[in-house]
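# Observations on the model geometry
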Amino acid sequence: MYYYVPASTNYKAASGSKTCTINSIFSYSVTDASPTLVSITGFADGIDPTKYTNLKIPSTIFGMDVVQIGEIAFKGCGLVSVTIPTSVTEIKTAAFRGNQLKSVTIPSGVTNIGDSAFRNNNLTYAEIPSSVTSIGSSAFYGCSGLTGELVIPAGVTSIGDGAFKSNIRLSSVAFLGISKLETINESTFENCAKLQKFEIPASLRNLDPTAFLATTSLHTVTVQTGNTAFKSVDGVLFNMTGSSLLLYPAAHGSSYAVPDGTMTIGNYAFAYAKIQSI
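Attention here is on the structure that accompanies the text. All figures in this text were calculated on a predicted structure; none of them were measured in a lab.

A tally of regular secondary structure across the chain gives zero helices and 25 strands. Expressed along its principal axes, the backbone C-alpha trace of the chain runs to roughly 80 × 35 × 25 Å. Among the 278 residues that make up the chain, the fraction classed as buried is 48%. Of the contacts made within the chain by residues no fewer than 6 positions apart, 36% connect residues no fewer than 24 positions apart. Accessible surface for the chain amounts to roughly 12900 Å². Of this, 48% is attributable to carbon and sulfur atoms. Across the chain, the 17 positively charged side chains and the 17 negatively charged ones have centroids separated by 8 Å.

Next comes the structure, spelled out in structure tokens:
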């Protein structure tokens, strides 16, 4: 069930101890977890989003904690900035997709960033807190302004397809601490055109062959000590036994001698490579 908070509402708290005034522009729903926890579902009826391009989301509504930003809550609303309260633990599918956000601070209690949550924004900065365990498909797809290093916290166990696709100004990726990530999925870093090097974390077991398609500046892939699935030979990625060449970085070089003992060449292994002879 959805509820709407009028622009100015006086209400009496359940305890009867005080009267509160809330100036709100949001609609909300009560979560399945508790009747005292709510999800912001968007702007209330009759609200003109263009008047709220610098948006501050409240931490409580009528005394109930705001713990979610709901699906498509603020999709395509023209937001330039947003303040997300520290009470929020989940940002759901396409919650802020297609805005003009330049930076975002994701609160330290958030565990899940949903599919397409920040897709197609103008982000130049986004910090992923250590509390996050899941980053959805296309979560930051097309955030072409993101620059510098992307830091992925140790607790992240899942990164969806295309999560950072077309982050064309991203220059490096770092995995903090002892990563728990086991799979890098389809197109995760596709078309990250300025990404020059990448270190496979020790925890990784599966790498989709399209993960680095069109990442045309990538010249070196290394593997952390302790990884049992992959190895790097002079910056080129192989399976641990060396029998399969999995990824020749696009900018690694114009010629290459495939090592003896290599039995197979993986799908897309030389895709976009600036190579003239093998």
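Continuing now.
Quick look at empty space enclosed by the protein now. Taken as a whole, this structure holds one cavity of 30 Å³ or more when the rule is applied. Each pocket or cavity is described by its volume, and for the largest cavity that value is around 80 Å³. As for the largest cavity, its lining consists of Pro209, Phe212, Leu213, Ala214, Thr215, Leu218, Leu247, Tyr248, Pro249, Ala250, Tyr268 and Ala271. Its residues assigned to classes, the lining of the largest cavity comprises 11 nonpolar, one polar and no charged.

Going through the model one piece at a time under the given rule, you end up with 17 aromatic pairs. With a centroid separation of 5.8 Å and 85° between ring planes, the pair formed by phenylalanine 175 and phenylalanine 198 is classed as edge-to-face. Remark: phenylalanine 198 occurs in strand S19 (residues 197-200) and phenylalanine 175 occurs in strand S17 (residues 170-175); sequence separation between them is 23 residues. Neither phenylalanine 175 nor phenylalanine 198 differs from the other in exposure class; each is buried. Feature note: the residues Phe26, Phe43, Tyr52, Phe74, Phe96, Phe118, Phe140, Phe164, Phe175, Phe189, Phe198 and Phe212 constitute an aromatic cluster, connected by ring pairs.

So, on to the pairing of strand S4 (residues 26-30). The buried fraction of S4 amounts to four of the five residues, a majority that puts the element mostly inside the structure. In this sheet, strand S5 (residues 37-43) lies alongside S4 in antiparallel orientation, the contact comprising five bridges. Each bridged residue has a counterpart across the sheet, and for serine 29 the counterpart in S5 is serine 39. Between S4 and the antiparallel strand that follows it, S5, lie six residues.

Next up on the list: the nonpolar core. Residues Phe74, Phe96, Phe118, Phe140 and Phe189 are the most contacted members of the largest nonpolar core, which totals 64 residues. Contributing elements (two or more residues each) for this core: S4, S5, strand S8 (64-69), strand S15 (148-152), S17, S19 and strand S21 (220-223). With eight residues, the next largest nonpolar core counts Val236, Leu245, Ala269 and Ala273 among its residues.

Before going further, it helps to examine the sheet that holds strand S22 (residues 230-233). In spatial order, the strands read S22-S23-S24-S25; together these four strands make up an open sheet with mixed pairing. The open sheet has two edge strands with one neighbour each: S22 and strand S25 (264-265).

The rules we used
- Residues numbered from 1 in each chain as written.
- Predicted model: local features only at pLDDT ≥ 70, side-chain atom pairs only at ≥ 80, totals over all residues.
- Heavy atoms only, no water.
- Helix = DSSP H or I, 4+ residues; strand = E, 2+ residues; numbered from the N terminus.
- Buried < 20%, exposed > 50% of the residue type's maximum accessible area, 1.4 Å probe, protein only.
- Contact = heavy atoms within 4.5 Å.
- Areas by Shrake-Rupley, 256 points an atom, 1.4 Å probe, with all protein chains shown as cover.
- Lys, Arg positive; Asp, Glu negative; His and termini not counted.
- Charge placed at Lys NZ, Arg CZ, Asp CG, Glu CD.
- 1 Å grid on protein atoms, 1.4 Å probe; cavity = no way out; pocket = protein on both sides within 12 Å on 5 of 7 lines; lining within 4 Å.
- Points joined across faces, edges and corners; volume = space filled by probe spheres on them.
- Nonpolar A, V, L, I, M, F, W, Y, C, P; charged D, E, K, R; others polar.
- Phe/Tyr/Trp six-rings, centres within 6.5 Å; stacked < 30°, edge-to-face > 60°.
- Pairing = 2+ DSSP bridges.
- Core = buried A, V, L, I, M, F, W, Y, C linked by side-chain atoms within 4.5 Å.

Any functional reading would require information beyond the geometric quantities listed.
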